[in-house]
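# Structural characterization, general
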Amino acid sequence: MKRPSIDEYYLNIAKAVSMRSTCLKKHYGAVIVKNGEIISTGYNNPPRGEPHCWTCTKCKNGKDASTYIDCPAVHAEMNAIISASRNEMLGADLYLAGYDVKTGEAVECEAWPCEICLRLIKNAGINRIINEKGVIYMRSEHSDRLLQLIEKE
């Protein structure tokens, strides 16, 4: 058995964390790591104490709504961020992975943070976001930008 790279290792943990999600559409997991230590994890779910969805509120007339306004879920990245202190997250990496519920397949290029999560990630001081395709966000001295290494579909 081939030993996984450090990125594969943390992405596998993010996939395992995603299995706790009860979302009817996609299960996402996030792992925040700093200096080789897991700081926090999170998965997409309704807010604590609120009921899980019986039908997908984001799906209307067989199509996905373009916004998250109708979705009650707290995203994996959000849950990971609110479970850690900012001081712990400064300079950390966030690993993001998940599964499509219907197919059971990994959501590789789709595991991108939404605009709100990206703002939270930036404000938390996280340096990089890594998904199955590699580093998709990197804080630099000159700007914070989502790298266009992978074409979003």
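Figured I'd write up the structure that's included with this text. As the structure is a computational prediction, the values presented were derived from the model and not from experiment. (Residues numbered from 1 in each chain as written. Predicted model: local features only at pLDDT ≥ 70, side-chain atom pairs only at ≥ 80, totals over all residues. Heavy atoms only, no water.)

### Topic: the side chain of asparagine 45
Here asparagine 45 lies in the loop between strand 2 (37-43) and strand 3 (59-60). Looking at asparagine 45, its side chain comes within polar contact range of the main-chain nitrogen of threonine 22, at 2.8 Å. Ignoring sequence-local partners within four residues, the contact set of asparagine 45 consists of Arg20, Ser21, Thr22, Cys23, His52, Ala73, Val74 and Asn79. (Helix = DSSP H or I, 4+ residues; strand = E, 2+ residues; numbered from the N terminus. Polar contact = N/O pair within 3.5 Å; in protein donor to acceptor, adjacent residues only side chain to side chain. Contact = heavy atoms within 4.5 Å.)

### Concerning the environment of valine 31
Among the secondary structure elements, valine 31 is positioned in strand 1 (residues 26-34). Every residue in contact with valine 31, bar those within four places of it in the chain, is listed here: Tyr10, Ile13, Ala14, Val17, Ile38, Ser40, Thr41, Asp93, Leu94 and Tyr95.

### Quick word on the nonpolar core
One finds Ile32, Ile81, Met89, Leu94, Ile126 and Ile129 to be the most contacted residues of the largest nonpolar core, which totals 22 residues. Counting residues per element, the ones that place at least two in this core are strand 1, helix 2 (76-82), strand 5 (93-100), helix 4 (115-124) and strand 7 (134-139). Contacts of isoleucine 32, omitting those with residues within four sequence positions, involve Glu37, Ile38, Ile39, Ser40, Ala80, Ile81, Met89, Ala92, Asp93, Leu94 and Ile126. Counting 10 residues, the second-largest nonpolar core is a separate cluster that includes Tyr10, Val31, Ala97 and Val135. (Core = buried A, V, L, I, M, F, W, Y, C linked by side-chain atoms within 4.5 Å. Buried < 20%, exposed > 50% of the residue type's maximum accessible area, 1.4 Å probe, protein only.)

### With respect to the state of the cysteines
Under the definition given, this model contains zero disulfides. The thiol sulfur of cysteine 114 is not disulfide-bonded, and the nearest other cysteine sulfur, from cysteine 117, lies at 3.7 Å. Taking the relative accessible area as the measure of exposure, cysteine 114 reaches 13% and is therefore buried. (Disulfide = S-S within 2.5 Å.)

### Digging into the pattern of salt bridges
Considering all chains together, one arrives at three salt bridges under this definition. Close ionic contact of glutamate 8 with lysine 2 constitutes a salt bridge, the shortest N to O distance being 3.9 Å. For lysine 2, a relative accessible area of 66% translates into the label exposed. As a salt-bridge pair, lysine 15 and glutamate 132 come within 2.9 Å of each other at their nearest N and O atoms. You can see lysine 15 sitting in helix 1 (residues 6-18) and its partner glutamate 132 sitting in the loop between strand 6 (128-131) and strand 7, a full 117 residues away along the chain. (Salt bridge = Lys/Arg side-chain N within 4 Å of Asp/Glu carboxyl O.)

### Some thoughts on the side chain of asparagine 44
One can find asparagine 44 in the loop between strand 2 and strand 3. By relative accessible area, asparagine 44 is classed as buried at 6%. A polar contact is formed between the side chain of asparagine 44 and the backbone oxygen of lysine 26, at a distance of 2.8 Å. Apart from residues no more than four positions distant in its own chain, asparagine 44 is found in contact with Ser21, Thr22, Cys23, Lys26, His27, Tyr28, Val74, His75 and Ala76.

### Some remarks on the pairing of strand 1
Where a strand is regular, its side chains alternate between the two sheet faces. Here strand 1 lies mainly inside the structure; eight of its nine residues are buried. Examined bridge by bridge, strand 1 and strand 5 share eight bridges and lie antiparallel to one another. Bridging from a neighbouring strand, histidine 27 pairs with tyrosine 99 of strand 5. Taken together, the six bridges between strand 1 and strand 2 define a ladder with antiparallel strand orientation. Bridging across to strand 2, isoleucine 32 finds its partner in serine 40. Counted along the chain from strand 1 to the antiparallel partner strand 2, the turn is two residues long, and its residue asparagine 35 has a positive phi close to 50 degrees. (Pairing = 2+ DSSP bridges.)

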